[in-house]
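Per-entry structural report
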Amino acid sequence: MSDAAVVCSNLSFAWPDDTPVFHDLSFTVTTGRTGLVAPNGSGKSTLLKLIAGELKPATGSLSVAGTLGYLPQSLPLTGNLTVAEVLGVAAVIRAIDAVESGDVSEEHFTTIGDDWDIEERTRAQLDRLGLADLTLDRSLSTLSGGQVVSLGLAAQLLKRPDVLLLDEPTNNLDLEARRKLYDVLGDFNGCLLLVSHDRALLDRMERIAELGSDELRFYGGNFTEYEEAVRAEQEVAEKNVRNAEAELKREKREMQQA
């Protein structure tokens, strides 16, 4: 996963009413855990949708090196689905069951591929996210909002993604579920880019990316260290303004004396 990356070149995007969001935005996000921050309405979720291919840029390009996993803020799921269907493993499990029952049709082996251990991996992933009590045939309509979010994350992790995009992944999660998620993401060794207002989660990031309309500024360290860096920049800027004002006053005095 060392080559996993998101590369954005000269990206511009506007809404259908011509409201601009990004203009000539370029950046590269590589392996590691990156928290994406900006004021509300600045386009954080829009940027993730662009990377995931759900939206198309007006100009420029976006590319993902590696397998992509994407968990949006609102999951497009219906209550009629089963846990196995949400996880994307239902067809493989049915094929394995058929083979074990004596049906050796070629289509079953094609469906299974290298995923003979899919049920074991699925159970292990559910357990890590605090969903060990869920049966694979359980209906989505019987789950809580937090369980659905955790299930959505499990579905993405089962893809073994190199690049993982998460939009507010701790929404609807209780404290225990959040802790499980923190641990799982702490073990992720690909390229993680997430949007969150969860300070505890942002403090587990390795870098913070501050989003502007035409720039993505990177700060090494977690969110607390990012805040300290921004405060230091502001203090330097304010000092420079005071010095400039003092210099201007001095020049005016000298002109009056002359």
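For the structure, see preceding data.
A short tour of the structure in this document, coming up. Predicted model, so just to flag it, every value in this text is computed and none were measured.

Moving on, we get to the sheet that holds strand 8 (residues 207-211). With mixed pairing, 6 strands are arranged side by side in an open sheet as 5-6-7-3-8-9. The outermost strands of the open sheet, each flanked by one partner alone, are strand 5 (68-71) and strand 9 (216-220). Between one strand axis and the next, the sheet turns through 20 degrees on average, direction left out of account. Pairing geometry for strand 6 (residues 163-167) and strand 7 (residues 191-195), over 5 bridges, is parallel. Residue pairing in the sheet places Asp167 in a bridge with Val195 of strand 7. Across the sheet, helix 6 (residues 145-157) lies against strand 5 and strand 6, angled at about 175 degrees from strand 5, the strand it touches most.

For the rest of this paragraph, the subject is the sheet that holds strand 1 (residues 5-14). Spatial strand order, 2-1-4: 3 strands in an open sheet with antiparallel pairing. Two strands bound the open sheet, and with one partner strand each, they are strand 2 (20-30) and strand 4 (59-65). Strand after strand, the sheet turns through a mean of 15 degrees between neighbouring axes, direction not considered. Where strand 1 lies against strand 2, 7 bridges are found, and the strand directions are antiparallel. Note that in strand 2 the partner of Val7 across the bridge is Thr28.

This part takes up empty space enclosed by the protein. By rolling a water-sized probe across the atoms, one finds the places where empty space is left. For the structure on display, the rule yields 1 cavity of 30 Å³ or more. As for the largest cavity, its lining consists of Leu71, Pro72, Gln73, Leu75, Val149, Asp167, Glu168, Pro169 and Asn171. For the lining of the largest cavity, a count of residues per class yields 5 nonpolar, 2 polar and 2 charged.

A word on the state of the cysteines. Summed over all chains, the structure comprises 0 disulfides. Free cysteine: Cys8, not disulfide-bonded; nearest cysteine sulfur from Cys191 at 13 Å. With a relative accessible area of 2%, Cys8 lands in the buried category. Relative accessible area serves as the criterion here: at 0%, Cys191 is assigned to the buried category.

A few words on helix 1 (residues 44-52). If you check which residues of helix 1 are buried, you get Lys44, Thr46, Leu47, Leu48, Leu50 and Ile51. In the segment just after helix 1, Gly53 is the residue with positive phi, at about 90 degrees.

For Asn10, which is not a glycine, the phi torsion comes out positive at approximately 50 degrees. Examined against the element boundaries, Asn10 turns out to sit in strand 1. Given a relative accessible area of 41%, Asn10 falls into the partly exposed group. Of note, the phi angle at Arg160 is positive, near 55 degrees, even though the residue is not glycine. Looking at the element boundaries, Arg160 is found in the loop between helix 6 and strand 6. Arg160 sits in the partly exposed class, given a relative accessible area of 48%.

Here we take up the nonpolar core. Ranked by internal contacts, the top residues of the largest apolar core, which has 49 residues, are Leu87, Leu151, Leu166, Leu185, Leu192 and Leu194. Here this core takes 7 residues from helix 6, the largest share from any one element. Every residue in contact with Leu166, bar those within four places of it in the chain, is listed here: Leu48, Leu71, Leu153, Leu185, Leu192, Leu193, Leu194 and Val195. By size, the runner-up hydrophobic cluster in this structure holds 25 residues, among which are Val6, Phe13, Tyr70 and Val163.

The rules behind the values
Residues numbered from 1 in each chain as written. Predicted model: local features only at pLDDT ≥ 70, side-chain atom pairs only at ≥ 80, totals over all residues. Heavy atoms only, no water. Pairing = 2+ DSSP bridges. Helix = DSSP H or I, 4+ residues; strand = E, 2+ residues; numbered from the N terminus. Axes fitted to C-alpha atoms, helices over the stretch in contact; angles between N-to-C directions. Contact = heavy atoms within 4.5 Å. 1 Å grid on protein atoms, 1.4 Å probe; cavity = no way out; pocket = protein on both sides within 12 Å on 5 of 7 lines; lining within 4 Å. Points joined across faces, edges and corners; volume = space filled by probe spheres on them. Nonpolar A, V, L, I, M, F, W, Y, C, P; charged D, E, K, R; others polar. Disulfide = S-S within 2.5 Å. Buried < 20%, exposed > 50% of the residue type's maximum accessible area, 1.4 Å probe, protein only. Core = buried A, V, L, I, M, F, W, Y, C linked by side-chain atoms within 4.5 Å.

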